[in-house]
Amino acid sequence: MCRLRDCSVCECPEGEFPENFKGIISPSGGRLSSYDPVCQEGKPQALVDRTLDPKAFRGWAANRDNPWTHDDEREEGDVTYVNLLLNPERFTGYAGPSAARIWAAIYRDNVLAPHDKLAPPESRVLYKLISGLHSSISVHIAAESLLDESANKWGPNVTLLHERVLEYEDRVSNLYFTFLFVLRAVTKAADYLIEAEYNTGNPSDDEQTAVLVQHLVRNEQLQAACPKPFDEAKLWQGKDGAQLLLQLQKQFRNISAIMDCVGCEKCRLWGKLQILGLGTALEILFSEDSPNPPVLQRNEVIALVNLLNRLSESLIYLYDLAPLVEEPSTFRFGSLFRQ
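Because the structure is predicted, anything quoted here is derived from the model rather than measured. (Residues numbered from 1 in each chain as written. Predicted model: local features only at pLDDT ≥ 70, side-chain atom pairs only at ≥ 80, totals over all residues. Heavy atoms only, no water.)

### Brief notes about the UniProt feature "active site" (unreviewed entry) in the protein
This is how the line gets drawn: UniProt positions are given in the numbering used here, feature names are shortened, and annotations may be inferred rather than shown by experiment. Computed over the protein atoms alone on a 1 Å grid, cavities are sets of points where a 1.4 Å probe fits but cannot get out and pockets are open sets with protein on both sides within 12 Å along at least five of seven lines; a residue lines them when it has an atom within 4 Å of a point. Only runs of H or I of at least four residues qualify as helices and only runs of E of at least two qualify as strands under DSSP, and these elements are numbered from the N terminus. Whether two residues touch is decided by their heavy atoms; if any such pair falls within 4.5 Å, the residues are in contact.
UniProt's feature table lists "active site" (unreviewed entry) at Cys264 and Cys267, given in the numbering used throughout. Annotated residues from the preceding list that form part of the lining of the second largest pocket: these are Cys267. For Cys264, the position within the fold is in the loop between helix 9 (241–258) and helix 10 (265–286). Within the secondary structure layout, Cys267 lies in helix 10. Filtering out sequence-adjacent residues up to four positions away, Cys267 remains in contact with Thr92, Tyr94 and Val262.

### Section: the environment of Ser256
Convention followed: Relative accessible area decides the class of each residue, using a 1.4 Å probe on protein chains only: under 20% of the type maximum gives buried, over 50% gives exposed, and in between gives partly exposed.
Relative to the helices and strands, Ser256 resides in helix 9. Ser256 gets classed as buried once you look at its relative accessible area, which sits at 8%. Along the chain, Ser256 and Ile106 lie 150 residues apart, while their C-alpha atoms are 9.3 Å from each other. With near-sequence residues (within four places) excluded, Ser256 lies in contact with Thr69, His70 and Ile275.

### Section: the packing of aromatic side chains
Counted only if it meets this: Stacked, tilted and edge-to-face are the three classes assigned to paired rings of Phe, Tyr and Trp, where Trp is represented by its six-membered ring and a pair needs centres within 6.5 Å; plane angles under 30 degrees give stacked, over 60 edge-to-face, the rest tilted. We call a charge positioned over a ring when the NZ of a Lys or the CZ of an Arg lies within 6 Å of the ring centre and within 35 degrees of the ring normal.
Per the stated rule, a full pass over the model turns up four aromatic pairs. Their ring planes at 55° and their centres at 6.0 Å tell us that Tyr107 and Tyr127 sit as a pair that is tilted. In this pair, Tyr107 sits in helix 2 (residues 97–110) while Tyr127 sits in helix 3 (residues 121–143), placing the two residues 20 residues apart along the sequence. Judged by relative accessible area, which is 23%, Tyr107 ranks as partly exposed. The buried category is assigned to Tyr127, whose relative accessible area is 15%. Taken together, the aromatic side chains of Trp103, Tyr107 and Tyr127 make up a single cluster linked through ring pairs. Sitting over the face of the ring of Trp270, Arg310 holds its NZ or CZ atom 5.3 Å from the ring centroid.

### So, the pairing of strand 1 (residues 145–148)
Note the cut-off: Two strands qualify as a pair provided DSSP detects at least 2 bridges between them.
Pairing of strand 1 with strand 2 (residues 153–155) involves three bridges; the strand directions are antiparallel. Counterpart to Ser145 in the pairing with strand 2 is Gly155. The antiparallel pairing of strand 1 with strand 2 creates a hairpin that spans four residues between the two strands, and Asn152 there sits at a positive phi of about 50°.

### Overview of the UniProt feature "binding site: FAD" (unreviewed entry) in the protein
Summarizing the sequence annotation, UniProt attributes the feature "binding site: FAD" (unreviewed entry) to Arg90, Thr92, Trp103, Ser131, His134 and Arg164 in the numbering used throughout. Cross-referencing the annotated residues with the lining of the second largest cavity gives Trp103. Inspection of the secondary structure assignment puts Arg90 in the loop between helix 1 (72–76) and helix 2. Among the residues examined, Arg90 registers a relative accessible area of 23% and is labelled partly exposed. Apart from the residues lying within four places of it in its own chain, the contact partners of Arg90 are His140, Ile141, Glu144 and Trp154. Residue placement: His134 occurs in helix 3. For His134, a relative accessible area of 22% translates into the label partly exposed.

### Side note on the pattern of salt bridges
Where side chains of opposite charge bring their charged atoms close, a pairing between them can arise. Selection criterion: What counts as a salt bridge is simple: a side-chain nitrogen of Lys or Arg found within 4 Å of a carboxyl oxygen of Asp or Glu.
By the definition in use, this model includes five salt bridges. Across the pair Arg310 and Glu89 runs a salt bridge whose closest N-O atoms are separated by 3.4 Å. Separated by 221 residues along the polypeptide, Arg310 in helix 11 (residues 298–321) and Glu89 in the loop between helix 1 and helix 2 bring together distant segments of the chain. The class for Arg310 is buried, based on a relative accessible area of 10%. In this structure Glu89 comes out as buried when scored by relative accessible area, which is 7%. Measuring nitrogen to oxygen at the nearest pair gives 3.1 Å for the salt bridge that ties Arg90 to Glu144. Separated by 54 residues along the polypeptide, Arg90 in the loop between helix 1 and helix 2 and Glu144 in the loop between helix 3 and strand 1 bring together distant segments of the chain. According to the relative accessible area criterion, Glu144 is partly exposed, its value standing at 26%. Where salt bridges share partners, they join Glu89, Arg310 and Glu313 into one cluster.

What follows is the structure, encoded as structure tokens:
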């Protein structure tokens, strides 16, 4: 439940979003919600900036459910648009018992412990993905922390980086694993991503987007370095493979639903975005139509590419900031960075 009045967030004014956004939010034709400001648990830096570029995406018509994610937006119809560039993933002040309960619910109820020797490899993959995402979020919080609130001074908090990530070798390894997993999904969906319609109403931006997507998925240097970052064909091969797939889908849907319980709005924004990206990667790699990737929704493509960006930037932050940490244990990761 919300507690602080200064964390309330107002919806966009009626004239602030493009006309073509209206009436296409859900298959039933629901429009942007106009409910009163909602109080959010957290601090002022947790607020979401809802300013929109007037030249924004047109909706991609796709009435399709991702079996890995909880599609609450289409069910509720209460949708709003945000500019991610105005809402960077960083420190928000969201911590303590409330935040701890979110991660506890994810790990305790939906992810098998990594030391469970009876757990199938597929379950260990889910744990490593969630752990890697958790590490990435922690890295971004540490990389851009509020060092002095009175002076509004931001910068890297290397102590926090060590305490949350670098002190645990498995968290660093899982971050790499999650990055490679998502990279494999992006490269596997290369043909679809190249042909997808990136139409924002701004021709120069649209052309640049198409060029950047082409450069990402057809990068010869990247293909040479990581010809197949993750081999999904090795999973789901046992007699219980199909049943286990359904079980893990249910667990991941629970995790995506838990994101709605995050009390800090910016944390919820980035949590839901990245969980959707991870769910999209899972669908691409483990869909029934494999090896052909499924037809994706606009938000799934946005989430997938942004997740890959978050993970890759986390690795850059680790490489740049780890030498600044004074604790000797940090430097045992040097060989891992070089690999």
